[in-house]
Amino acid sequence: MLSPQDQLTELVRALETDQHVFATDSLLITEKLQGEDGTPIQKLHRRASRIDSNGALARVLGKIDGRIKGIMIVMSVVWCISGFLGLFTLLQSNVVNFFYVLVCLLGFHTIMLGGWLFMTLVNRDQQAPSWFASFVSPSYLIRGKDDVTKAAVDLYERQLQHSGMRWYLGRFSHQLWLATLTGMLLAIIFLLVVRQYSFSWESTLLSDQALVSLTQVLGWLPSMVGFGVPDSTAIAQSRLVTEAMPLSVARQWAGLLVGSLLMYGIVPRAIAWAFCALMFRRKKMRLDIKQPYYQKILNFWQRHVVDADDFTEAPAPIAPKATVSAGKKLVALLEYPADQDKWWQSGLDGSSHSLEKLSEIEDFGIVDDRDDMTRLKNYLDAHPVQVLLGIHSNALPDRGTLRKLDQIAAHAKDGLIVQLLSDNSVSTGLTDARTDDEPSDKQVVRYQQWQTALSARKIGLVDIDA
């Protein structure tokens, strides 16, 4: 899975793509981060954290992650208790068949561990089974119809489909087996402390010497780490025991039983768990900053990326050159007034777009509130005109402003073109598109933001240098 910071950054991307309104304006945060130091990943993480200033997004992600981990913890506890109770039930008699108990402890476990090892070697690039993604799907764990919850659920489900999740599933499977074996170990230790057992062995097919050799081979590894194992005499005395045996011999068999559970059960399963955890870390998802969304943000900051293998800087988007059509024109200002009455003439004098040759111009005035938008849309629906929209440099291309721009473009039957204005009525390029109280570098970013917004919508920009 993605790291918590990457998850928050991806959630911000998904919500911003769907026009979600955040607690803090994302464009303002992007502008403020322009002069800060840090790698692209660090700055993207910082940006996402600041956009989520009230912590609402992080809380939803934390709730989903906590519930998934909670389910895994509960299942581990249940498996541990089942292992304890299962072995507790098995060892009710004071005289137990050693090999029968050992097969019950490790037989199925060994088969499953060997099967996992075989499947791991055969299917190295296999994805996690679909049932696992359905089992831990956050859609079952959290309820909510708001945009944040839906986007967070989609984000987690995309992560569950990643190829690296097979190692996550393997780690979880080994965790359950470790819980079961730990429960068995606790049961054995508890029963050996409070009861005295006698251990016997018997076989119909195998000879006595074969079972003696098998016991000695089985006891080699536990004896290497200090567990007591029965010698040849003790093994011979334990055949077909029906009553209490000497305590020293019983302790040797008990040591072999506990040592076998540890060395042939818990230790191999713990190694498999550690291997899956290591592979999951190596194969885990990482933030893909090559996506157009992230490249656009990094381009705003105008930073050079040190690691060229991770990021390739994209060229700055440029709005298409405005084309004035023949026929009636409607001119309007978006939210801010202009210094001159006929601002469109001042900006287009001597250019190929000069409106002085046009037969008729309708000056609509300022479009600001909802009533203005309704009146403008009604007019555009009834009159086939091309709209020339004047946008002041103080205007931010935020979600509300761009929504108005999209609505005007949708109702303008002969198209929409845009002219960027400043305090001196017309912006004269990157260096002139500023106000007295705003630094030039901020206006450069603002100008490029409008270029990007208009380029994405294929809305023409009046070329003031033409």
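Check the entry above for the structure.
Worth saying up front: this structure is predicted, and the values here are computed from it rather than measured.

A.B. asks: Is there a simple way to explain the overall build of the protein in this structure?
C.D. replies: The secondary structure content of the protein amounts to 18 helices and seven strands. Every one of the 466 residues in the protein was classed for burial, and the buried ones make up 45%. Expressed as a percentage of contacts within the protein between residues at least 6 apart in sequence, the contacts between residues at least 24 apart total 80%. Carbon and sulfur atoms make up 57% of the accessible area of the protein, which totals about 23800 Å².

A.B. asks: Whenever I open this one, the pattern of salt bridges confuses me. Can you help?
C.D. replies: Working definition: two side chains of opposite charge can pair if their charged atoms are close together. Taken as a whole, this structure holds eleven salt bridges when the rule is applied. Where Arg-158 meets Glu-10, a salt bridge forms, and the shortest distance between an N and an O atom there is 3.9 Å. With Arg-158 in helix H8 (residues 147-160) and Glu-10 in helix H1 (residues 4-17), this pair connects stretches of sequence that are 148 residues apart. When its relative accessible area of 40% is taken as the criterion, Arg-158 is described as partly exposed. Residue classification places Glu-10 among the buried positions, given a relative accessible area of 9%. Residues Arg-47 and Glu-16 are paired through a salt bridge, measuring 3.0 Å at the closest nitrogen-oxygen approach. Placement of the pair is Arg-47 in helix H3 (residues 40-51) and Glu-16 in helix H1, with a sequence separation of 31 residues. Salt bridges sharing common partners tie together Glu-10, Arg-13 and Arg-158.

A.B. asks: How should I be thinking about helix H5 (residues 98-122) in this particular structure?
C.D. replies: An α-helical turn contains 3.6 residues, so any two residues separated by three or four positions project in the same direction. Here H5 contains 25 residues, and its C-alpha end-to-end distance of 35 Å stays within 8% of the 36 Å for a straight helix at 1.5 Å per residue. All of the buried residues in H5 are Phe-98, Phe-99, Val-101, Leu-102, Leu-105, Leu-106, His-109, Leu-113 and Thr-120. In the core, the buried residues of H5 are packed alongside helix H4 (56-90), strand S1 (95-97), helix H9 (165-194), strand S2 (198-200), helix H10 (208-218) and helix H13 (247-283). Between a side-chain oxygen at the N-terminus of H5 and the backbone nitrogen of Phe-99 the separation is 3.2 Å; the capping residue is Asn-97.

A.B. asks: Explain the nonpolar core to me, please; I cannot follow it from the model alone.
C.D. replies: A general feature of soluble globular proteins is that nonpolar side chains tend to end up buried together. Leu-11, Leu-44, Leu-57 and Ile-64 are the most contacted members of the largest nonpolar core, which has 43 residues in total. Every element with two or more residues in this core is listed here: H1, H3, H4, H8, H9, H13 and helix H14 (292-301). Residue contacts for Ile-64: discarding those within four places in its chain leaves Pro-138, Ile-142, Ala-152, Val-153 and Tyr-156. One finds Leu-91, Leu-185, Trp-253 and Ile-266 within the second-largest nonpolar core, a separate group that totals 35 residues.

A.B. asks: Help me understand a nonpolar patch on the surface in this model?
C.D. replies: A surface patch of nonpolar side chains, amounting to about 500 Å² of accessible area, comprises Leu-117, Phe-118, Met-119, Leu-121 and Val-122. By the secondary structure assignment, Met-119 is in helix H5. By relative accessible area, Met-119 is classed as partly exposed at 40%.

A.B. asks: Got a minute to help me understand the pairing of strand S3 (residues 329-334) in this structure?
C.D. replies: Successive side chains on a regular strand alternate, one facing one side of the sheet and the next facing the other. Most of S3 sits out of view: six of its six residues are buried. Sheet analysis places S3 next to strand S4 (residues 361-367), joined by six bridges and oriented parallel. Along S4, the bridge assignment pairs Leu-333 with Ile-366. Pairing of S3 with strand S5 (residues 386-392), which is carried by six bridges, proceeds in the parallel orientation. Residue pairing in the sheet places Leu-333 in a bridge with Gly-390 of S5.

A.B. asks: What exactly am I supposed to notice about the sheet that holds S5 here?
C.D. replies: Sheet strands associate in pairs through backbone hydrogen bonding, adopting either a parallel or an antiparallel arrangement. The strand order across the open sheet built from five strands is S4-S3-S5-S6-S7, with neighbouring strands paired in parallel fashion. The strands lining the two open edges of the sheet, one partner per strand, are S4 and strand S7 (460-461). In terms of strand pairing, strand S6 (residues 416-421) meets S7 through two bridges, oriented parallel. Bridging across to S7, Val-418 finds its partner in Leu-461.

A.B. asks: In this structure, what is going on with the environment of Leu-298? I would like to understand it.
C.D. replies: Position of Leu-298 among the secondary structure elements: in helix H14. Accessibility expressed as a relative area gives 5% for Leu-298, which makes it buried. With 257 residues separating them along the chain, Leu-298 and Ile-41 place their C-alpha atoms 9.8 Å apart.

A.B. asks: What should I look at first to understand unusual backbone geometry in this one?
C.D. replies: With the exception of glycine, most residues fall at negative phi, and the peptide bonds are largely trans. The backbone phi angle of Gln-19 is positive, close to 65°, even though this residue is not glycine. If you trace the backbone, Gln-19 turns up in the loop between H1 and helix H2 (26-32). Accessibility expressed as a relative area gives 46% for Gln-19, which makes it partly exposed. In the Ramachandran plot, Leu-240 falls in the positive-phi region, its phi being about 60° despite a non-glycine side chain. Within the secondary structure, Leu-240 is located in the loop between helix H12 (232-237) and H13.

A.B. asks: Help me understand the packing of H3 against H14 in this model?
C.D. replies: For the pair H3 and H14, the least separation of the axes is 11 Å and the interaxial angle reads 100°. Overall, the two elements H3 and H14 adopt an arrangement that is roughly perpendicular. Of H14, the residues touching H3 (which contributes Pro-40, Lys-43, Leu-44 and Arg-47) are Tyr-293, Tyr-294, Ile-297, Leu-298 and Trp-301. Taken together, the residues of the contact of H3 with H14 sort by class into seven nonpolar, no polar and two charged.

A.B. asks: I'm lost on the environment of Phe-84 in this one. Help?
C.D. replies: The topology assignment puts Phe-84 in helix H4. In sequence terms Phe-84 and Leu-186 are 102 residues apart; their C-alpha atoms lie 6.7 Å from each other. When sequence neighbours within four positions are dropped, the list of residues in contact with Phe-84 reads Gly-183, Met-184, Leu-186, Ala-187 and Phe-190.

A.B. asks: Is there a simple way to think about helix H16 (residues 370-382) in this case?
C.D. replies: Helix length check: H16 (13 residues) gives 19 Å between terminal C-alpha atoms against 18 Å at 1.5 Å per residue, within 8%. When we look at burial in H16, the residues that qualify are Asp-372, Met-373, Leu-376, Tyr-379 and Leu-380. Mapping the buried residues of H16 onto a view down its axis gives an arc of 130°, with all of them on the same face. The outward face of H16, more than 90 degrees from its buried face, is lined by the exposed residues Arg-370, Asp-371 and Ala-382. The backbone nitrogen of Asp-371 has a side-chain oxygen 3.3 Å away, supplied by the residue at the start of H16, namely Asp-369.

The rules behind each value
- Residues numbered from 1 in each chain as written.
- Predicted model: local features only at pLDDT ≥ 70, side-chain atom pairs only at ≥ 80, totals over all residues.
- Heavy atoms only, no water.
- Helix = DSSP H or I, 4+ residues; strand = E, 2+ residues; numbered from the N terminus.
- Buried < 20%, exposed > 50% of the residue type's maximum accessible area, 1.4 Å probe, protein only.
- Contact = heavy atoms within 4.5 Å.
- Areas by Shrake-Rupley, 256 points an atom, 1.4 Å probe, with all protein chains shown as cover.
- Salt bridge = Lys/Arg side-chain N within 4 Å of Asp/Glu carboxyl O.
- Expected span 1.5 Å × (residues − 1).
- Polar contact = N/O pair within 3.5 Å; in protein donor to acceptor, adjacent residues only side chain to side chain.
- Core = buried A, V, L, I, M, F, W, Y, C linked by side-chain atoms within 4.5 Å.
- Patch = residues over 30% accessible without salt bridge, like charges linked within 9 Å, V, L, I, M, F, W, Y side chains within 5 Å.
- Pairing = 2+ DSSP bridges.
- Axes fitted to C-alpha atoms, helices over the stretch in contact; angles between N-to-C directions.
- Parallel < 35°, antiparallel > 145°, perpendicular 65-115°, else oblique.
- Nonpolar A, V, L, I, M, F, W, Y, C, P; charged D, E, K, R; others polar.
- Arc of directions from axis to C-beta.

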